[in-house]
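Understanding the architecture of this molecule
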Amino acid sequence: MELWYTEKQTNNLGMTCLVQETLCNFKTEFQQLAVLETAQFGKMLVLDGTVQTTERDEFVYHEMIAHIAMQAHPNPKKVLVVGGGDGGTIREVLKYAAVESATLVEIDEAVIEASKKFLPKISCALSDPRVNVLVADGIGHVKLSPGKYDVILVDSTDPVGPAIGLFAEEFYADIFKALKKDGMLVAQTESPFFNCELIENVYARIGRIFPLTKLYLASIPTYPSGLWSFTVGSKCYEPENCRQEPVNTKYYNFAVHRGAFCLPNFVKELVGEKGK
Ligand code: SAM
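This structure is a prediction, so every number in the text was calculated from the model and none was measured.

1. Examining the site of the ligand
In the vicinity of the ligand, 24 residues are found, and the nearest of them are Q31, E106, D137, G138 and Y223. Q31 places a polar side-chain atom, nitrogen or oxygen, 2.9 Å from an oxygen atom of the ligand. Within the backbone of A163, one N or O atom sits 3.5 Å away from a nitrogen atom of the ligand. Compared with its free state, where it exposes 600 Å², the ligand has 99% of that area covered by protein. When residues of the shell around the ligand are traced back to their parent elements, those giving at least two are strand 5 (50–54) and strand 7 (101–106).

2. Structural notes on the pairing of strand 1 (residues 3–10)
Within a regular strand, side chains alternate between the sheet's two faces. Where strand 1 meets strand 2 (residues 13–27), seven bridges bridge the pair, whose relative direction is antiparallel. Each bridged residue has a counterpart across the sheet, and for L3 the counterpart in strand 2 is V19. The turn joining strand 1 and strand 2, which pair antiparallel and follow one another in sequence, is formed by two residues.

3. Let's talk about the sheet that holds strand 8 (residues 131–135)
Spatially, 8-7-6-9-10-12-11 is the arrangement adopted by the seven strands of the open sheet, whose pairing is mixed. A single partner strand is all that each edge strand has here, and the edge strands are strand 8 and strand 11 (212–219). The sheet shows a mean angle of 15° between the axes of neighbouring strands, taken without regard to direction. Bridge analysis of strand 6 (residues 78–83) against strand 7 gives five bridges, and the strand direction is parallel. The residue of strand 7 that forms the bridge with V81 is L104.

4. Quick look at the side chain of R91
Looking at the element boundaries, R91 is found in helix 2 (residues 88–93). With residues up to four places along the chain from it excluded, the contact list for R91 reads E58, F59, H62, K121, I122, C124 and A125.

Rules used in this analysis
Residues numbered from 1 in each chain as written. Predicted model: local features only at pLDDT ≥ 70, side-chain atom pairs only at ≥ 80, totals over all residues. Heavy atoms only, no water. Near = heavy atom within 4 Å. Polar contact = N/O pair within 3.5 Å; in protein donor to acceptor, adjacent residues only side chain to side chain. Areas by Shrake-Rupley, 256 points an atom, 1.4 Å probe, with all protein chains shown as cover. Helix = DSSP H or I, 4+ residues; strand = E, 2+ residues; numbered from the N terminus. Pairing = 2+ DSSP bridges. Axes fitted to C-alpha atoms, helices over the stretch in contact; angles between N-to-C directions. Contact = heavy atoms within 4.5 Å.

Have a look at this one:
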């Protein structure tokens, strides 16, 4: 008998994968957590029926959420990752010698533990001495950290449950305060095909707080529609520029850095750049 897992990506569309083994499937304090061994994507972390990361395509998301800000900021010493309990974003951040400390604030300890157990290539950097792992709500942590960080990366789940507040204007205002005077924020902001309203709203919210707001894109096969967006808020540095510090990556390079900001017309419209 074959076992297939379907993620219902919209009310009318699903992505279905052949499952070779269910490695775990249980309810945590916050969500339903499963790790599946799939034929197509290797091990897959699923929270509340939504794919978070897979062994085969995780590099795109984790490199693209991390390296744009890490290369655009001239000296990213103190970095905060909100969410991201699988550790992939922290792994990318630690590729830079400038990083003195990388703090992970993940609300669900079970995500961290399951990633350490089943996804060691993604979670490998969580034991690095520069990493400070906090099991807490990112919203509260950001409120209590004024002027502390050079770069903040919001590696959140979709805006449901505890992640709803990670897309709120108040949270972005607290991030602005938690950043140093030249700090930079990057948030994952979902699919430009399926989450148009969210992208418009987040872009407007960040735009009301940060002097510079930009959206960029990357192709991620296991995320709904395969095209994913990230929104940057910057206090002064131009996000499209990169220091060109050599870094070992599979997706990111300096041409991809610049190209990621070249938006198709329908995405330009979402961020009010029609005709530019
Ligand atoms: N790459 C993923 C995606 O876009 O689907 C996100 C991966 S990461 C596993 C997302 C994490 O955010 C989850 O582990 C979840 O527990 C965490 N999270 C959700 N709300 C949070 C909050 N308020 N504070 C801290 N972490 C939160």
